Amino acid sequence: MKYKFLVLVLISLNCFAQKTTVYLIGDSTMANKEKPDENPEHGWGQVLAPFFNDNITVVNKAVNGRSSRSFINEKRWDSIDKVLKPGDYVFIQFGHNDEKIADSTRFTNPHTAYRYNLIRFVNEARAKGAIPILFSSIARRSFNEQGVLIPTHGDYPMETRLVAQEYKVPFIDLEYYSELLENSYGPEKSKKLHLHYKAGEVPYYPKDKDDDTHLSLKGANEIAGIAVNKIRLLNDPLVEKLKNSIKK
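Summary of the structure given here. (Residues numbered from 1 in each chain as written. Predicted model: local features only at pLDDT ≥ 70, side-chain atom pairs only at ≥ 80, totals over all residues. Heavy atoms only, no water.)

1. Regarding the pattern of salt bridges
Where charged atoms from two side chains of opposite charge come close, those side chains can pair. Our working rule: Put simply, a salt bridge is a Lys or Arg side-chain nitrogen that is within 4 Å of an Asp or Glu carboxyl oxygen. Segments assigned H or I by DSSP are reported as helices when at least four residues long, segments assigned E as strands when at least two residues long, and all are numbered from the N terminus. Summary of the burial criterion: residues with accessible area below 20% of their type's maximum are buried, those above 50% are exposed, and those between are partly exposed, where the area comes from a 1.4 Å probe applied to protein chains only.
Summed over the entire model, instances satisfying the criterion amount to 16 salt bridges. D78 is the salt-bridge partner of R120, the closest N and O atoms lying 3.5 Å from each other. With R120 in helix α4 (residues 113–127) and D78 in helix α3 (residues 76–81), this residue pair connects regions lying 42 residues apart in the sequence. A salt bridge links R115 to E166, with the shortest nitrogen-to-oxygen separation between them at 2.5 Å. Here R115 is found in helix α4, whereas its partner E166 is found in helix α5 (residues 156–166), with 51 residues between them in sequence. In this structure E166 comes out as partly exposed when scored by relative accessible area, which is 46%. Through salt bridges that share partners, R66, E74 and R76 make up one connected network.

2. Considering the sheet that holds strand β4 (residues 131–135)
Here is the rule we go by: For two strands to be treated as a pair, DSSP must find no fewer than two bridges joining them. Any two residues having at least one pair of non-hydrogen atoms within 4.5 Å are treated as being in contact. Think of each axis as a best-fit line through the C-alpha atoms, taken over the contacting stretch in the case of a helix, with angles from 0 to 180 degrees between the N-to-C directions.
Taken together, the five strands give an open sheet; going across it, the order is β2-β1-β3-β4-β5, and neighbouring strands pair in parallel fashion. The sheet is open, and its two edges are formed by β2 (56–60) and β5 (171–172), each paired on a single side. Strand contacts of α5: β4 and β5, with the helix running at about 150° to β4, the strand carrying the most contacts.

3. Comments concerning the nonpolar core
Selection criterion: Only buried residues count toward a nonpolar core, which is a set of Ala, Val, Leu, Ile, Met, Phe, Trp, Tyr and Cys residues joined through side-chain atoms within 4.5 Å.
Counting residues in hydrophobic clusters, the biggest one holds 34 residues, and the most contacted among them are W44, F91 and L242. Of all elements in the fold, only β1 (20–26), β3 (89–93), β4, α6 (174–189) and α7 (217–232) reach the threshold of two or more residues within this core.

4. What to know about α7
Definition in use: To estimate the expected span of a helix, subtract one from its residue number and multiply by 1.5 Å.
Taking 1.5 Å per residue as the helical rise, α7 with its 16 residues ought to reach 22 Å, and the 23 Å between its terminal C-alpha atoms agrees with that figure. Of all the residues in α7, the buried ones are G219, A220, I223, A224, G225, I226, A227, V228 and I231. Where α7 is buried, its residues touch β3, β4, β5, α6 and α8 (240–244).

The analysis is restricted to geometry; functional conclusions fall outside its scope.
Now the structure itself:
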């Protein structure tokens, strides 16, 4: 309660005369992609800005291939932490690359390093008067032969949920809602949410492309829309300005 009171005071003193910045930190499912007019792949953060009014500036710092560990070790978090101001928001979504157990530069134990990296993001954002929002990883399109969508992220989404609960962080369960999305499309039509192309079907992919992790433009817009709609439902006074800035 003390944290929320102080942040609300800081917001009232500093933020209404200037734009609010929403910083996005995460991996390729969130990141901007090069050559967006040619490249079928899009991160959901890449298409987020149009959902908000002009008083919100979206700065997408998510990067392909990054885990919570490599994002910190490459000083990417430090570069954001230096410029955070009271009333800014930080959207945090990691997990996909933290799972890479064969890569010591990226892998984190979900119950130790991953958990404490999330806590660091939360605490350091709050120390600047910014408001962190945690997101669980989006689901992969991983249907088995019986048409059942199989979870692939292990304990990482659970740890994100636990950190959000313990530290009272606004939380959007994108794993759950993206599972609902995948299932609503079904095993075959859900390919449209991802990158499934025959060789030469689109100029960007001269060879066959079968990618069930990353998002097409359609998939990115669907996930961004889910994120925004769930933000509308958050019951936290610290996100009121963000909620009020969503386009009708």
